Amino acid sequence: MEEFFMDFVWLQWIGTAFGVTQVLLARKNNVNNYIFGIIGILIGIWVLYHSKLYADILLHLYYLVMSIYGYLYWKFGKEKQEAPIAYSKRDEHLKAGGIVLGCFVLMSYWLTQHTDSDVPYLDAVVSAFAWAGMWLMAKRKIENWVYLNISNIISIPLLIYKELYIYAGLTVFLFIVGTSGYLKWRKLIKQNHSHAALARS
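1. Observations concerning the overall build of the chain
So, step 1. On a plain count of helices and strands, the chain comes out with 8 helices and 0 strands.
So, step 2. A burial count over the chain gives 48% of its 201 residues as buried.
So, step 3. Of all intrachain contacts in the chain linking residues separated by at least 6 positions in sequence, the fraction that spans at least 24 positions is 73%.
So, step 4. Counting every atom, the chain has about 10,900 Å² of accessible surface; 66% of that belongs to carbon and sulfur.

2. Some thoughts on the packing of aromatic side chains
So, step 1. For the structure shown, the criterion picks out 7 aromatic pairs.
So, step 2. Feature note: the residues Tyr34, Trp74, Trp145 and Trp185 constitute an aromatic cluster, connected by ring pairs.

3. A short note on helix 5 (residues 90-114)
So, step 1. Between its first and last C-alpha atoms helix 5 spans 36 Å; for 25 residues at 1.5 Å apiece the expected length is 36 Å, and the two agree.
So, step 2. Of all the residues in helix 5, the buried ones are Glu92, Ala96, Val100, Cys103, Met107, Ser108 and Leu111.

4. Description of the nonpolar core
So, step 1. Within the largest apolar cluster, 55 residues are counted, with the highest numbers of intra-cluster contacts made by Tyr62, Tyr63, Trp74, Met137, Trp145, Tyr147 and Trp185.
So, step 2. Residue assignment for this core shows that the elements contributing at least two residues are helix 2 (8-27), helix 3 (33-50), helix 4 (54-76), helix 5, helix 6 (120-138), helix 7 (144-161) and helix 8 (165-200).
So, step 3. Residue contributions to this core peak at 12 residues, all from helix 6.
So, step 4. Apart from residues no more than four positions distant in its own chain, Tyr63 is found in contact with Ile41, Ala130, Met134 and Leu148.

Definitions and cut-offs
- Residues numbered from 1 in each chain as written.
- Predicted model: local features only at pLDDT ≥ 70, side-chain atom pairs only at ≥ 80, totals over all residues.
- Heavy atoms only, no water.
- Helix = DSSP H or I, 4+ residues; strand = E, 2+ residues; numbered from the N terminus.
- Buried < 20%, exposed > 50% of the residue type's maximum accessible area, 1.4 Å probe, protein only.
- Contact = heavy atoms within 4.5 Å.
- Areas by Shrake-Rupley, 256 points an atom, 1.4 Å probe, with all protein chains shown as cover.
- Phe/Tyr/Trp six-rings, centres within 6.5 Å; stacked < 30°, edge-to-face > 60°.
- Expected span 1.5 Å × (residues − 1).
- Core = buried A, V, L, I, M, F, W, Y, C linked by side-chain atoms within 4.5 Å.

What follows is the structure, given as structure tokens:
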């Protein structure tokens, strides 16, 4: 059993399978994406700990919390009914930008001063954009795909450098799905607006 949990190749494949399922369900606007995401997150934490990507571990813990919050918000929203997909409002854009800046500053300081990370600034910026993207995903805002894809495109060379090739491949896939997800959600928003307009007429 111990050998299995130390076999990071197998763990990466299993975590990747759950990650792929999660993002495909998110693209389809299916709330159950969070269930698969939570399992993948827990696997990822174990692998990242042994790869010394400490900011990514904190990011995954944040993912865990936001996945639970996101599942509940998607299901019930603020008014005990399912929350719709929407564009971010001005204050939400400002909050997302604040999350990026604040997370980058805090992660950079922590990684450079209190860990043995050899890629502190890249690790920090990947985490910063992902934190904001996951928050927007939990709020069911379309811009989550933009923030997550910025994180993905920076993360790919970092994972290759760390020889986490399977996770790097997953991240390439996530970037492609993220682009597709944005287009899919934009189409769904237009459809919702059309239906609402017909209902009012």
